[in-house]
Amino acid sequence: MTRLLSLLTALALAPAAMASPGASVPASGRLAFDVIRKDRDIGDYVVTFRGSGDDLTVDIATDVKVKVPVIGVAAYRFSQTSTETWRGGQLAGLASRTDDNGTPHDIRVGATSLIPASLWNADMVRSQAVLNTIDGSTDPISVSNLGTENVATGSGTVAATHYALRGGLNRDLWYAGATLVHVRFAAEDGSQVDYVLR
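Residues numbered from 1 in each chain as written. Predicted model: local features only at pLDDT ≥ 70, side-chain atom pairs only at ≥ 80, totals over all residues. Heavy atoms only, no water.

J.: Before we move on, could you go through the pattern of salt bridges and cite the residues and values that matter?
T.: All told, the structure shown has nine salt bridges when counted by the stated rule. Put simply, D34 and R198 hold a salt bridge, and the shortest N to O gap is 2.8 Å. Taken together, the positions of D34 in strand β1 (residues 30-37) and R198 in the segment after β13 (192-197) put the pair 164 residues apart, joining distant regions of the chain. According to the relative accessible area criterion, R198 is partly exposed, its value standing at 40%. Residues D63 and R77 are paired through a salt bridge, measuring 2.9 Å at the closest nitrogen-oxygen approach. Separated by 14 residues along the polypeptide, D63 in strand β3 (residues 55-67) and R77 in strand β4 (residues 74-87) bring together distant segments of the chain. Taking relative accessible area as the criterion, D63 reaches 33% and is therefore assigned partly exposed. (Salt bridge = Lys/Arg side-chain N within 4 Å of Asp/Glu carboxyl O. Helix = DSSP H or I, 4+ residues; strand = E, 2+ residues; numbered from the N terminus. Buried < 20%, exposed > 50% of the residue type's maximum accessible area, 1.4 Å probe, protein only.)

Right, here's the structure in full:
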């Protein structure tokens, strides 16, 4: 009886069960965003999904280039390609290659219960820590639900839930259901960067 009570107590204290990552996959199998800073398109963030349900391969490409006005020379460049492998709803592996303004990072991570900070997976809003996809470290986060808002996308306005992530990763994320539709964060110079869904 004591063991049963302990089990029931542990279940009651456990975080809410997470949805399958497949719930965050759009019907098109692709999410493509323009990266906007100071009303200028400075790059792309594209997520491509292969597989279905709890077994997925997810390819992510980010390419950002900020140019100095008038001169047209790149002042900052960020590019990243990564592949996530999901099996049975869990991350089975991640490989990522990043060029952060001339600083290279090349990581490979095996199976982990952490959600990668690649933003597409709505399960991250139920997490207390995420996997940093640049260097493989663990970033603690706190998440606040800021309610439902209307978000402009390339195919019209959608109602989406706004979440604020703070801590090792600072991002504002909007999900329509479980599908990512907008991202906002402050760049190192304090300027606002938005990922706008095409």
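J.: So, the side chain of S127: which residues are in play, and what are the values?
T.: Structurally, S127 can be placed in the loop between β7 (115-116) and β8 (129-131). One polar contact links the side chain of S127 to the main-chain carbonyl oxygen of D123, over a distance of 3.3 Å. (Polar contact = N/O pair within 3.5 Å; in protein donor to acceptor, adjacent residues only side chain to side chain.)

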